[in-house]
Each structure stands twice: as structure tokens, then as C-alpha cells.
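Fold and geometry: a report
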Amino acid sequence: MNRPIVLKIGGSIITDKSSAVPKALPGTIERIAKEVAGASVSNPLILVHGAGSFGHSLAKQFKLKEQFDAKGLIETHRSVKSLNAMVVDALVSAGVPALPVHPLSCAMLKQGRISDMQTAPIYEMLNRGLVPVLHGDVAMDSMRGADILSGDQIVPYVARKMGAERIGIGSNIDGVLDNEGQNIPVVTPATFDGIRKYIGGSSHTDVTGGMLGKVQELVELAGMSGISSRIFDASAAGSITRFLQGETMGTLIQKNK
Ligand code: IPE
């Protein structure tokens, strides 16, 4: 089996993240599904999508980062699961052999970090040509009871465990920008400290850290395992196709030269 590509689609792309109630963007979900279906790549694909307005507002409302709340846990999972069903349905309709994988059911956290995750089913799905679709979720935590599990944490974990070839993070901005709003084409562990001051959080309700959290995890991954990531603007038509085909776009995060 070729090494997989791990692609995350941010919640800001597939939902209206500024909405206080869950609001999906079905046209965009359909466009992305068609681009995935049409891409001609020989690598197996693991998809991860964010929660957007299906997760962050509920997590905040029930203070899930501060306290254990059974009702909040249940409601938030039900909500992100419904978004996942829309994504999987759109993929299947477009001809992609997609299956849902809910992190709540296969990941264990300790103080908010993944301590264990069952990836054997994902491996076997890839082996059979299927496309697992994971998502930002709530998950059980051995210290806190439960916590939020961002897709941004799932991506590097799964990429490392599955020996991914490369990672894509489809966001709503064109990669990492400097203080003048210009794209920074390449970030490495050696250059990260000098640019971290430019990198902001999220413009909307986001309980999982926004852009800085994403970049930090990916820089660490590149340094540790050499797996490179590309953060790109996934709101533009054709962007998913371009990423999958390996085009230069957004910001590439890679190990030190
Ligand atoms: C957040 O997931 C999960 C919950 C709030 C339950 P992500 O961090 O992956 O979501 P986005 O991409 O920021 O929307």
C-alpha cells in the first residue's frame, strides 16, 4: 500500500462558523466531495473535517473544556456526528467509498491529548480502498472525564501512526501570513519561533486554538517524523484538487533543511 495522504477540511469551510447555531454549507460540501472524487492520486486518502458551528458553540455553552458535563458531551457529539453524516453522504453520492470514523469511539485522551487511538480499522479501510472520514469530536479523558478533540490534533497523530506521505490542511486563509498579510511559503522548526508572533488565533468561536495551534502541531510533526504539511485556502473552487495533485500553494511546513 502507498503511504496515505491525510487531508483536513476546516470547520470554517464546510460550515458557517460565525453562526451561533449549527449551519452547514451544503454547496461547499458537495464541491469538495466532487473534487475528492475526481482527483487522480494513487495514495490512499484519510479525511478529517472540523466541527465549525456544529461543535464550538455547544462546547462553549456547556463549558466542556472546564468541566465534565454529560449532557454537553452527548449533545456536542450528536451535533458533530450529524455534520460528519452530511460529509460522508456527499462523498458517497460523488462516488467516493467513504465511511465514518468517530473519534469518540476509538480515541482516549489524557489531559486533552490523545493517549491511545484504535487505528487498525482505519488501516484495513485504506487497504481495501475505502476512505475513512474522521472529525473534530468530544472524547473521553482519563483525567478530566471528557474533553474536546480537535481535528488539528487527530491529523498529526493519525499521519504519524499511519506513516503518511503528506498532510493537507484546508483552511479559510491562504496558509501562514506575516505581519503584512503576505503568505509565508515555507515554515520549518528552525524558522517557527521567529514567525509565531504573527500567527493569530481564530476569528470565530474556537475552543481549540485557531491557526497557531495548527501550525505548532505540524511544525512538531515535521521535526519529529519528516512528514510535511501544506496549509492552504480550501474555500476556492479547485483548491482540493490542486492540493491532492501536489501543487505548490499556501504554506508548506517541513523539516529543517
Ligand atoms: C473541534 O474540532 C471539535 C469540537 C468543538 C467538538 P476542530 O478544531 O477540528 O474544528 P474546526 O476546524 O476548528 O471547526
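Residues numbered from 1 in each chain as written. Predicted model: local features only at pLDDT ≥ 70, side-chain atom pairs only at ≥ 80, totals over all residues. Heavy atoms only, no water.

**A few points about the overall build of the protein**
The line we're drawing: A run of DSSP states H or I qualifies as a helix once it reaches four residues; a run of E qualifies as a strand once it reaches two. Both are numbered from the N-terminal end. With the radius of gyration taken over C-alpha atoms, the globule rule is written as 2.2 Å times the number of residues to the power 0.38. A simple rule labels every residue: compare its accessible area, found with a 1.4 Å probe on the protein chains alone, to the largest value its type can have, and call it buried under 20%, exposed over 50%, or partly exposed in between. We call two residues in contact when some of their heavy atoms are within 4.5 Å. The Shrake-Rupley method, run with a 1.4 Å probe, gives the accessible areas here. Residue values count only the displayed protein chains as cover. We score Asp and Glu as negative and Lys and Arg as positive, and we do not count His or the chain ends. Every charge is mapped onto a representative atom, which is NZ of Lys, CZ of Arg, CG of Asp or CD of Glu.
Of the regular secondary structure elements, the protein holds 10 helices and 12 strands. Relative to the 2.2 N^0.38 estimate, which gives 18 Å for 257 residues, the radius of gyration of the protein is 17 Å and therefore close to what a compact globule would have. Considering only C-alpha atoms, the protein reaches an extent of 45 × 40 × 35 Å along its principal axes. Expressed as a percentage of its 257 residues, the buried residues of the protein come to 52%. Sequence separation of 24 or more characterises 74% of the internal contacts of the protein that already satisfy a separation of 6 or more. Carbon and sulfur atoms make up 51% of the accessible area of the protein, which amounts to about 11,200 Å² in all. Where the 26 positive side-chain charges of the protein centre and where its 23 negative ones centre are 2 Å apart.

**Thoughts on helix 2 (residues 26–38)**
Heads up, the condition is: Under the convention used throughout, the expected extent of a helix is 1.5 Å for every residue step, that is, one less than its residue count.
Between its first and last C-alpha atoms helix 2 spans 18 Å; for 13 residues at 1.5 Å apiece the expected length is 18 Å, and the two agree. Buried within helix 2 we find Ile29, Arg31, Ile32, Ala33, Glu35 and Val36. In this structure, the buried side of helix 2 is in contact with strand 1 (5–9), helix 1 (11–14), strand 2 (45–49), helix 4 (70–93) and helix 10 (239–244).

**Quick notes on the nonpolar core**
Let me state the cut-off plainly: Residues belong to a common nonpolar core when they are buried Ala, Val, Leu, Ile, Met, Phe, Trp, Tyr or Cys residues joined through side-chain atoms within 4.5 Å.
With 38 residues, the main nonpolar core has Met117, Ile167 and Val215 as its most contacted residues. Of all the elements in the fold, those that place two or more residues in this core are strand 2, strand 4 (107–110), strand 5 (113–117), helix 6 (120–127), helix 7 (151–161), strand 9 (166–171), helix 8 (189–195) and helix 9 (210–225). Contact partners of valine 215, with chain neighbours within four places excluded, come to Val176, Phe192, Ile199, Ile231 and Ile253. Among the nonpolar cores identified, the runner-up in size contains 29 residues, and Ile5, Ala33, Val96 and Leu244 belong to it.

**Brief notes about the pattern of salt bridges**
Quick note on the threshold: In the sections that follow, a salt bridge refers to a side-chain nitrogen of Lys or Arg positioned within 4 Å of a carboxyl oxygen of Asp or Glu.
As enumerated under the stated definition, the model contains 13 salt bridges in all. Its salt-bridge partner being glutamate 30, residue lysine 34 comes within 3.0 Å of it at the nearest N-O pair. In this pair, lysine 34 and glutamate 30 are both assigned in helix 2, four residues apart and thus about one turn of the helix distant. The class of lysine 34 is exposed, set by a relative accessible area of 52%. Glutamate 30 gets classed as partly exposed once you look at its relative accessible area, which sits at 44%.

**Some thoughts on the sheet that holds strand 8 (residues 145–149)**
As a reminder of what qualifies: Pairing between strands is defined by DSSP: at least two bridges between the two strands are required. Axes here refer to lines fitted to C-alpha atoms; in helices the fit is confined to the stretch in contact. Angles between the N-to-C directions go from 0 to 180 degrees.
Sheet architecture is open: four strands sit in the order 5-4-7-8, paired in mixed fashion. Every other strand in the sheet has two partners, leaving strand 5 and strand 8 as the edge strands with one partner each. Neighbouring strand axes in the sheet, compared pairwise and without regard to direction, differ in orientation by 45 degrees on average. The sheet contacts of helix 7 involve strand 5 and strand 8, and relative to strand 5 the element is tilted by about 45 degrees.

**Digging into helix 9**
Under the 1.5 Å per step criterion, the end-to-end length of helix 9 is 23 Å for 16 residues, consistent within 8% with the ideal 22 Å. Residues of helix 9 that are buried include every one of Gly210, Met211, Lys214, Val215, Glu217, Leu218, Val219, Leu221 and Ala222, and no others. Positive phi shows up at glycine 226, right after helix 9, with a value of about 80 degrees.

**Some points on a nonpolar patch on the surface**
Basically, it comes down to this: Patch criteria: residues need more than 30% relative accessible area and no salt bridge. Like-charged residues are merged within 9 Å; nonpolar side chains of Val, Leu, Ile, Met, Phe, Trp and Tyr are merged within 5 Å.
A cluster of nonpolar side chains, namely Phe68, Met108 and Met140, defines an oily patch on the protein surface of about 250 Å² accessible area. Counting through the fold element by element, methionine 108 comes out in strand 4.

**Here's the deal with the packing of aromatic side chains**
Put simply, the test is: Between rings of Phe, Tyr and Trp, where Trp is taken as its six-membered ring, a pair exists when centres lie within 6.5 Å; planes separated by under 30 degrees are stacked, by over 60 edge-to-face, and by other angles tilted. A positively charged side chain is recorded as over a ring if its NZ (Lys) or CZ (Arg) lies within 6 Å of the ring centre. The angle to the ring normal must also be within 35 degrees.
On inspection of all chains with the given rule, the structure shows one aromatic pair. On the basis of an interplanar angle of 10 degrees and a centroid distance of 5.2 Å, the ring pair of phenylalanine 232 and phenylalanine 243 is categorised as stacked. One end of the pair, phenylalanine 232, is in strand 11 (residues 228–233); the other, phenylalanine 243, is in helix 10, with 11 residues separating them in the sequence. The exposure class assigned to phenylalanine 232 is buried, which follows from its relative accessible area of 0%. When its relative accessible area of 1% is taken as the criterion, phenylalanine 243 is described as buried. Across the ring face of phenylalanine 243, the terminal group of arginine 166 is positioned such that the distance to the ring centre comes to 4.8 Å.

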